[in-house]
Amino acid sequence: MNMTQKLIASHLVSGSMQPGEEIAIVIDQTLTQDSTGTMAYLQFEAMGIGKVKTKRSVAYIDHNMLQAGFENADDHKYIATVTKKHGIWFSRPGNGICHQVHLERFSKPGQTLLGSDSHTPTCGGVGMLAIGAGGLDVAVAMGGGAYHVLMPKVCRVWLEGSLSPMVSAKDIILEVLRRLSVKGGVGRVMEYAGPGVETLSVPERATIANMGAELGATTSVFPSDEVTRQFFEAQGRPGDWSPLAPDADAQYDETVTIDLSSLVPLAACPHSPDNVSTVGSLAGTKVDQVCIGSCTNSSFADMMKVAEILKGHTVAENVSLVISPGSRQVLTMLAQNGALATMVAAGARILESACGPCIGMGQAPATDAVSLRTFNRNFCGRSGTASAKVYLVSPETAAVSAITGVVTDPQTLPVAPPTLRPPKFFVNDNMVAAPAQEGEQVEVVRGPNIKPFPAGAPMGEQIKGEVLIKVEDNITTDHIMPSTAALLPYRSNIPHLANYCLTPCDPDFPARAKQKGGGFIVGGANYGQGSSREHAALAPLYLGVKGVLAKSFARIHAANLINNGILPLVFENEADYDALSLGDALTVDNAREQVRAAVSGAPVVVSAPGGKKILTRLEISQRQADMLLAGGLLNATKEGVNKNA
Ligand code: MIC
Ligand code: SF4
């Protein structure tokens, strides 16, 4: 077996391990963060379960850190108290970005992790099966329910050679994205192997696993080897380590080979993580802003490289450099060894250990600005400035360019800082609050920002509505449910958020949907890529959207639609996409019957104007059909349809 098959086989509760078949796996650990967490905990509460049934569940506060009004602080209080009540560990604001902290303090090779954040695969860097999902799926897992996913194909990424100085783990994943695109990982686990793997430290592996999310992959997995063992030793957790490797005769569905020695510094150009060019080809482009941090590149080693490059220099006059160390562990170590002072002396603006500018929480660039970021997503407008041009680069490229003021290939710098593997990390878990022994005693605090979530209604015999919007390929959840500093505080207030649904594509969409009493969305390929945010299904649900017809869907978003009772329909014939227009009246007759028949592969017929019949595929299991008929997972769970929950 390969590692993916081993991890799945040891957690399998139902289904057969044939690629494309629905399987159910036991979840050992869960994580949530605050922007998806409020909804996940409201849903968990609605299930009426006392203590979580997982081996470990952790709630992080890292996204909504600007407290411009009471809303974010209210959300923090709600999460702090609801977690204390239900047996969940609570990583307090300031403790760091969920994926970085989870890797450092809670990851465990061989275990499964389900997180309500698409970058949960970061912990694949130590041999976990770590998957991102919607909040409702995570809530079910906390309640002891299995997680359902399609058995992935396994793509082996064979790494040879070793990286040249100033070429980074970020450049490896950018190379994978350049070759495979943002759709290239759909339905796959990326499994890393080959002699190049042992040249990479755990944080470097985590960078690659993290940004595997941008391939659309189910997750990415690295072996747990001697390098991993040393990482656990240095984290003061030697007992949590166990080995993981593929069998010598392991089989893979596909293989991609990368010679690390041949890689050069790369950049993802606006506005997609797979729009990759060499940094050399962009050299000389004037830079306005450099942001270093995020769950992709904020480890101690990354920060030390940056400090080493900045040493003795001043940030170019035309550049604003902001740095957010990924965790309190990282920040403390930088403070202790003087690297923080080096960064400050160079003119860096230090932000707290949180997502910050990565999710548009502050540091929106100037109009038309060029911003170099060590982050993982550069979707248009995500920075908070629609006209900004965001490039995704390595910490080396970012730091060097911050000094020169123009995009600069870091290989042109005479000194290359070493890659650090500290023998001992600074450990202090005092900002992770333990759950209460007697949860019943804890009172959950709900501020006025905590609104009930919209519930789906059981499916009727006929589904009718107009095409409310037609959008192109690769629409992200940042388009469907934008997340700016102004909107993130309302993640527990769907009626408010719904007013901004799909507005980057068409500002009139919410009003039209309300006026028409709901209807259908028409999308292109890879509809719903990016974030795991369930809000990209909940806001359309609130607006009365009953179905989305698209050329294809991103995995997490399709699951979120089904979980909320919305039909994700795939065009059998892509020409039908071209034929549909705004305002076309669509009808699904005998909807309940058609949904039941879809389980065995029958097409769902959608009637369009002029007597046209559009054939669509609804790729669902029996369990998902039950959910759609019941009006979503929560209803189905309440009806007892979902036995596992
Ligand atoms: C993101 O990077 O887009 C986020 C913000 O972390 C999301 C979660 C969210 O929308 O709250 C993700 O990646 O899932
Ligand atoms: Fe936070 Fe950005 Fe990572 Fe999402 S991608 S978890 S916003 S740091």
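Anything mentioned here points back to the structure above.
Engineer: Tell me about the overall build of the chain, and please be specific about residues and values.
Structural biologist: For the chain, the helix and strand inventory stands at 22 helices and 27 strands. Whereas a compact globule of 645 residues would reach a radius of gyration of roughly 26 Å, the chain reaches 23 Å, a difference of no more than 12%. The buried share of the chain, reckoned over its 645 residues, is 63%. A separation threshold of at least 6 residues defines the contact pool for the chain, and within that pool the share at least 24 residues apart is 77%. Treating the 52 positive side-chain charges of the chain as one cloud and the 59 negative ones as another, the clouds have centres 4 Å apart.

Engineer: Quick rundown of the site of ligand 2? Include the residues and the values.
Structural biologist: Lining the immediate environment of ligand 2, one finds His 63, His 99, Asp 117, His 119, Ser 294, Cys 295, Cys 355, Cys 358, Ile 359, Asn 376 and Arg 382. A per-class count over the shell around ligand 2 returns four nonpolar, five polar and two charged.

Engineer: Give a detailed account of the sheet that holds strand E1 (residues 12-14), specifying residues and quantitative values.
Structural biologist: The antiparallel open sheet is built from three strands, whose spatial order is E1-E2-E8. For this open sheet the edge positions go to E1 and strand E8 (147-150), each flanked by a neighbour on one side alone. In this sheet, neighbouring strand axes are inclined to one another by 45 degrees on average, regardless of whether the strands run parallel or antiparallel. Here strand E2 (residues 22-25) runs beside E8; their pairing, made up of four bridges, is antiparallel. Along E8, the bridge assignment pairs Ile 25 with Tyr 147.

Engineer: How would you sum up the pattern of salt bridges? Please name residues and give values.
Structural biologist: Applying the stated criterion to the full structure yields 26 salt bridges. When the shortest N-O distance is used, the salt bridge between Glu 226 and Arg 229 registers 2.9 Å. With Glu 226 and Arg 229 both in helix H8 (residues 226-234) and three residues apart, the pair spans about one turn of that helix. Judged by relative accessible area, which is 28%, Arg 229 ranks as partly exposed. The shortest N-O distance in the salt bridge between Lys 551 and Asp 473 comes to 4.0 Å. Of this pair, Lys 551 sits in the loop between strand E23 (545-550) and helix H18 (555-563) while Asp 473 is found in the loop between strand E21 (463-470) and helix H14 (477-480), placing the two residues 78 residues apart along the sequence. Each of Lys 108, Arg 237 and Asp 240 takes part in a single network of salt bridges with overlapping partners.

Engineer: Break down the site of ligand 1 for me, with residues and values.
Structural biologist: Residues in contact with ligand 1 amount to 14 residues; listed here are only the nearest, Ser 35, Asp 117, Ser 118, Ser 532 and Arg 533. Taking His 63, its side chain carries an N or O atom lying 2.8 Å from an oxygen atom of ligand 1. Separating an oxygen atom of ligand 1 from a backbone N or O atom of Ser 532 is a distance of 2.7 Å. When ligand 1 is considered free in solution it has 330 Å² of accessible area, and contact with the protein chains removes 97% of it. Split into classes, the residues belonging to the shell around ligand 1 amount to one nonpolar, eight polar and five charged.

Engineer: Could you give me a rundown of the packing of aromatic side chains, with the residues and numbers involved?
Structural biologist: Enumeration over the complete set of coordinates arrives at five aromatic pairs. With a centroid separation of 5.8 Å and 85 degrees between ring planes, the pair formed by Phe 231 and Phe 232 is classed as edge-to-face. Each member of the pair Phe 231 and Phe 232 is classed as buried. Judged by centre distance (5.6 Å) and plane angle (70 degrees), the ring pair of Phe 231 and Phe 425 falls under edge-to-face. Of this pair, Phe 231 sits in helix H8 while Phe 425 sits in the loop between helix H13 (395-404) and strand E20 (432-433), and the two are 194 residues apart along the sequence. Accessibility classification places Phe 231 together with Phe 425 in one group, the buried group. Counting every residue linked through ring pairs, the aromatic cluster contains Phe 231, Phe 232 and Phe 425. Lying across the ring of Trp 89, Arg 56 places its NZ or CZ 5.0 Å from the centre.

Engineer: Can you tell me about helix H4 (residues 98-105), naming the residues and giving the values?
Structural biologist: Burial runs high along H4: eight of the eight residues are buried. When we look at burial in H4, the residues that qualify are Cys 98, His 99, Gln 100, Val 101, His 102, Leu 103, Glu 104 and Arg 105. In this structure, the buried residues of H4 make contact with strand E3 (29-32), strand E4 (56-60), strand E6 (112-115), helix H7 (202-211), H8 and helix H11 (328-337).

Engineer: I'd love a proper account of the pairing of strand E10 (residues 188-193), names of residues and values included.
Structural biologist: Regular strands show a simple pattern: their side chains alternate between the two faces of the sheet. Taken across its six residues, E10 has six buried, putting it largely inside the fold. Alternating residues of E10 divide into Arg 188, Met 190 and Tyr 192 and Val 189, Glu 191 and Ala 193, and every residue in both groups is buried. Bridge count between strand E9 (residues 153-160) and E10: six bridges; the pairing is parallel. If you follow Val 157 over to E10, its bridge partner there is Tyr 192. One crossover worth recording links E9 to the parallel E10 by way of helix H6 (residues 169-180), and it is right-handed. After leaving E10, the chain enters H7 and then returns to the sheet as strand E11 (residues 219-221), a path that is right-handed.

Engineer: Now, about the nonpolar core: what can you tell me, with residues and values included?
Structural biologist: Counting residues in hydrophobic clusters, the biggest one holds 103 residues, and the most contacted among them are Phe 509, Tyr 527, Leu 549, Val 595 and Leu 618. Here this core takes six residues from helix H5 (residues 135-142), the largest share from any one element. Those residues in contact with Leu 618 that sit more than four places away from it in its chain are Leu 567, Pro 568, Leu 569, Val 595, Ala 598, Val 604 and Leu 628. Leu 282, Val 287, Ala 339 and Ala 346 belong to the second-largest nonpolar core, a separate cluster that totals 58 residues.

Basis of the calculations
In this numbering scheme, every chain counts its residues from 1 along its sequence in written order. Here the convention is simple: chains get letters from A, ligands get numbers from 1, in the order in which they are written. Local features in a predicted model are, by the rule used here, given only for residues with pLDDT of at least 70; side-chain atom pairs are given and counted only at 80 or more, and totals for whole chains, interfaces and linings are based on all residues. Computation of side-chain values: all heavy atoms of the structure, hydrogens and water removed. Helix and strand labels come from DSSP, where a helix needs a run of H or I of at least four residues and a strand needs a run of E of at least two; each type is numbered from the N terminus. What the globule rule says is 2.2 Å times the number of residues to the power 0.38, and the radius of gyration is computed from C-alpha atoms. Burial classes: relative accessible area under 20% of the type maximum marks a residue as buried, over 50% as exposed, and values in between as partly exposed (1.4 Å probe, protein chains only). Only heavy atoms matter for contacts: two residues are in contact if any of them lie within 4.5 Å across the pair. Counting rule applied: Lys, Arg positive; Asp, Glu negative; His and chain ends not counted. In this description, the location of a charge corresponds to atom NZ of lysine, CZ of arginine, CG of aspartate or CD of glutamate. One heavy atom suffices: a residue is near a molecule or strand as soon as one of its heavy atoms comes within 4 Å of it. Only Asp, Glu, Lys and Arg are considered charged in this grouping, and only Ala, Val, Leu, Ile, Met, Phe, Trp, Tyr, Cys and Pro are considered nonpolar; every other residue, Gly among them, is considered polar. Think of it this way: DSSP has to see at least two bridges between two strands before they count as a pair. Only the contacting stretch of a helix is used when fitting its axis, a line to C-alpha atoms as for every element, and angles between N-to-C directions run 0 to 180 degrees. A carboxyl oxygen of Asp or Glu within 4 Å of a side-chain nitrogen of Lys or Arg is what we treat as a salt bridge. Counting of polar contacts relies on pairs of N or O atoms within 3.5 Å, with two restrictions inside protein: one atom must be capable of donating a hydrogen and the other of accepting it, and residues adjacent in sequence are counted only when both atoms are side-chain atoms. Working definition of accessibility: Shrake-Rupley area with a 1.4 Å probe, residue cover restricted to the visible protein chains. Any pair of Phe, Tyr and Trp rings, taking the six-membered ring for Trp, is counted once the centres come within 6.5 Å. Such a pair is stacked with planes under 30 degrees apart, edge-to-face with planes over 60 apart, and tilted for the rest. Two conditions define a charge located above a ring, namely a distance within 6 Å from the ring centre to NZ of Lys or CZ of Arg, and an angle within 35 degrees of the ring normal. A right-handed crossover is one whose linking path, passing over the helix from the first strand to the second, runs clockwise when the strands point away from the viewer. Buried Ala, Val, Leu, Ile, Met, Phe, Trp, Tyr and Cys residues form a nonpolar core when they are joined through side-chain atoms within 4.5 Å.

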